[in-house]
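Coordinates in review
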Amino acid sequence: MTGEILLQIVMAMIGALGFGLLFHISGSRLITIMLGAAVNWGVYLLAMQWYDNRVTAFFVSTLATAALAELLARLLKAPVITLLVPMLVPLIPGGDLYYTTLALVQGDTAGFARYGTLFIEEAGAIAFGVILVACLVQTLGKLWLLHSERK
C-alpha cells in the first residue's frame, strides 16, 4: 500500500470521526464508524482502478458500505442510519458541488452543466446504492420470516 493511499484512508477515517462526534456517537460505535469509512474509501479506490469511472466507483463503494452498515447495526444493536451516514462521509461530492456553484456564480454555463451533471450523478449513485441495499435487506428479512413461519 503506497503512502498516498494510506493517507487517503486515514483522512476518510478522520472525516467519519468528526461526523460521528457531531452525531454524539461514542465508544466502540465510533471506532466501528471509522473502520467502516476506511473500508468505504478502500472500496472506492479499488473500484476506481477497476472501472475508471467515479460514478460507478461511488455506487460500488456505497453498496459495500451500506451492506457493512446493515450487518454491523444488527451486531451492535444500533440504528443503521447512525453508522451509515458517518461511514459515507468520505464519498460526499463536495468538490464537485463547489465547482458547480463557482461556475454558476461566474456565469460559466458549460462548467455549470459539466460539474452539475457530475454532482447529480455522484449523489444519485450514493442514494441509489443506499436504497438498493435497504430494499434488499428488507426483502430478505421478509423472505426469512416467511420461511421461518412455514417450518
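Look up: the structure comes first, before these words.
Notes on the structure follow. (Residues numbered from 1 in each chain as written. Predicted model: local features only at pLDDT ≥ 70, side-chain atom pairs only at ≥ 80, totals over all residues. Heavy atoms only, no water.)

The subject of this paragraph is the pattern of salt bridges. Counted under the stated rule, the structure contains three salt bridges. Where Arg54 meets Asp96, a salt bridge forms, and the shortest distance between an N and an O atom there is 2.5 Å. Highlighted residues: Arg54 in helix 3 (residues 54-76) and Asp96 in helix 5 (residues 94-106), separated in sequence by 42 residues. Judged by its relative accessible area of 33%, Arg54 falls in the partly exposed class. For Arg54, the salt bridge identified is with Glu122, shortest N-O distance 2.8 Å. Of this pair, Arg54 sits in helix 3 while Glu122 sits in helix 6 (residues 109-150); the two residues are 68 residues apart in sequence, bridging distant segments of the chain. Looking at Glu122, the relative accessible area reads 0%, which means it is buried. (Salt bridge = Lys/Arg side-chain N within 4 Å of Asp/Glu carboxyl O. Helix = DSSP H or I, 4+ residues; strand = E, 2+ residues; numbered from the N terminus. Buried < 20%, exposed > 50% of the residue type's maximum accessible area, 1.4 Å probe, protein only.)

What follows is about unusual backbone geometry. The backbone phi angle of Asp52 is positive, close to 55°, even though this residue is not glycine. For Asp52, a relative accessible area of 63% corresponds to the exposed category.

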